[in-house]
Amino acid sequence: MPDEVLVADDGSRRDTQYLIEEFAKRAPFPVIHVWHEDRGFRLAKIRNKAIERSSGDYIIVIDGDCVINRYFISDHEFLAERGCFIQGKRVLVKERAVTSFDCQHANSFPSLLKMALTGSLSNVHHLIRIPLNLTLKDKKLKGIKGCNMSFFREDIDAVNGYNENFVGWGNEDSELACRFFKYGLTKKVHPFMAVCFHLWHITNKQVSNSNRQLLLETAASTGYCCRNGLIEKD
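Everything numeric in this text was worked out from a predicted model, so none of it was measured.

Definitions and limits used
- Residues numbered from 1 in each chain as written.
- Predicted model: local features only at pLDDT ≥ 70, side-chain atom pairs only at ≥ 80, totals over all residues.
- Heavy atoms only, no water.
- Pairing = 2+ DSSP bridges.
- Helix = DSSP H or I, 4+ residues; strand = E, 2+ residues; numbered from the N terminus.
- Axes fitted to C-alpha atoms, helices over the stretch in contact; angles between N-to-C directions.
- Contact = heavy atoms within 4.5 Å.
- Phe/Tyr/Trp six-rings, centres within 6.5 Å; stacked < 30°, edge-to-face > 60°.
- Lys NZ or Arg CZ within 6 Å of the ring centre and 35° of its normal.
- Core = buried A, V, L, I, M, F, W, Y, C linked by side-chain atoms within 4.5 Å.
- Buried < 20%, exposed > 50% of the residue type's maximum accessible area, 1.4 Å probe, protein only.
- Polar contact = N/O pair within 3.5 Å; in protein donor to acceptor, adjacent residues only side chain to side chain.
- Parallel < 35°, antiparallel > 145°, perpendicular 65-115°, else oblique.
- Nonpolar A, V, L, I, M, F, W, Y, C, P; charged D, E, K, R; others polar.

Q: Could you give me a rundown of the sheet that holds strand E5 (residues 84-87), with the residues and numbers involved?
A: With mixed pairing, the five strands of this open sheet are ordered in space as E3-E9-E5-E10-E8. This sheet does not close on itself; its edge strands, each paired only once, are strand E3 (58-62) and strand E8 (136-138). Averaged over neighbouring strand pairs, the angle between their axes works out to 25 degrees when direction is ignored. Where E5 meets strand E10 (residues 186-189), three bridges bridge the pair, whose relative direction is parallel. Each residue of the ladder has a partner; that of Cys84, found in E10, is Thr186. Along the sheet, helix H7 (residues 172-183) makes contact with E5, E8, strand E9 (148-152) and E10, crossing E5 at roughly 150 degrees.

Okay, structure coming up:
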């Protein structure tokens, strides 16, 4: 189990608040709802607000359209290493119905075989359970996915968190990774551990030109600390 769960809520309606409150009543860990008003897609800003409210020394980030299995937290904890951030893998759930129960038990061979044969998942090979030292390390932006990452609190503090100049969908995760690299961290990936299930949904998201430009500017710079992050710098 996690020590705490922080819900970084980018302007949801009141019914989401009620849902979180009901879940918090029965959860075996603290649940903290961090909300700001809906003024467009401001993922970077609300994640910073949640990080500010967190009390742990290690942070695991997932998206709201992802489901995790019973190994997820322990996998990230097992892989955690000073000088690294963890880039988890994702399995894409197709449009046909897959329940959270299926995802929770997908590491059992019968469930895995059934889901593979029915074609309900993509990237199903990541669910092969091999918790050995098969980690890969590099400093490449390829494969960066903000829906499944983890890092030490002191490292996200050092780079001043997510860059809140990112408004609209896309590239805030790659820009953070770029600054992590400049700070001296290495991306660590295990092909069969720390896997999340990305639920199918209709999407037409495209990265804006301004977000693309922000990523290019960070890549061309020598600094690793953004100005508009956890702390707004002059």
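So, next bit.
Q: Explain the packing of aromatic side chains to me, using residue names and the numbers behind them.
A: Considering all chains together, one arrives at six aromatic pairs under this definition. With centroids separated by 4.8 Å and ring planes inclined at 80 degrees, the aromatic side chains of Tyr58 and Phe152 adopt a geometry described as edge-to-face. With Tyr58 in strand E3 and Phe152 in strand E9, this residue pair connects regions lying 94 residues apart in the sequence. One aromatic cluster is present, built from ring pairs that chain together Phe85, Phe151, Phe180 and Phe181. Lying over the aromatic face of Phe152, Arg82 brings its terminal NZ or CZ to 4.0 Å of the ring centre.

Q: Describe the nonpolar core, with residues and values.
A: Grouped burial of nonpolar side chains is what soluble globular proteins tend to show. Of all hydrophobic cores here, the largest spans 17 residues; its most connected members are Phe85, Phe151, Ile156, Tyr162, Leu176 and Phe180. A total of four residues in this core trace back to one element, the largest contributor, which is H7. Excluding residues that lie within four positions of it along the chain, Ile156 makes contacts with Ile51, Ile59, Phe151, Gly161, Leu176, Phe180 and Leu230. Formed by nine residues, the second largest nonpolar core is a distinct cluster that contains Val91, Met115, Val195 and Phe197.

Q: Which residues make up the side chain of His76, and what values go with them?
A: If you trace the backbone, His76 turns up in helix H3 (residues 72-79). Taking the relative accessible area as the measure of exposure, His76 reaches 0% and is therefore buried. Within the structure, His76 has its side chain in polar contact with the side chain of Ser150 (distance 2.8 Å). Apart from the residues lying within four places of it in its own chain, the contact partners of His76 are Tyr58, Ile60, Ile86, Asn148, Met149, Ser150 and Ala194.

Q: An account of the packing of H7 against helix H8 (residues 209-220) is needed here, citing residue identities and associated values.
A: Two numbers describe how H7 lies on H8: the axes approach to 9 Å, and their chain directions differ by 5 degrees. Taken together, the axes of H7 and H8 are roughly parallel relative to one another. Contacts between H7 and H8 involve Ser174, Glu175, Cys178, Arg179 and Lys182 from the first element and Leu214, Leu215, Thr218 and Ala219 from the second. Grouping the constituent residues of the contact of H7 with H8 by class yields four nonpolar, two polar and three charged.

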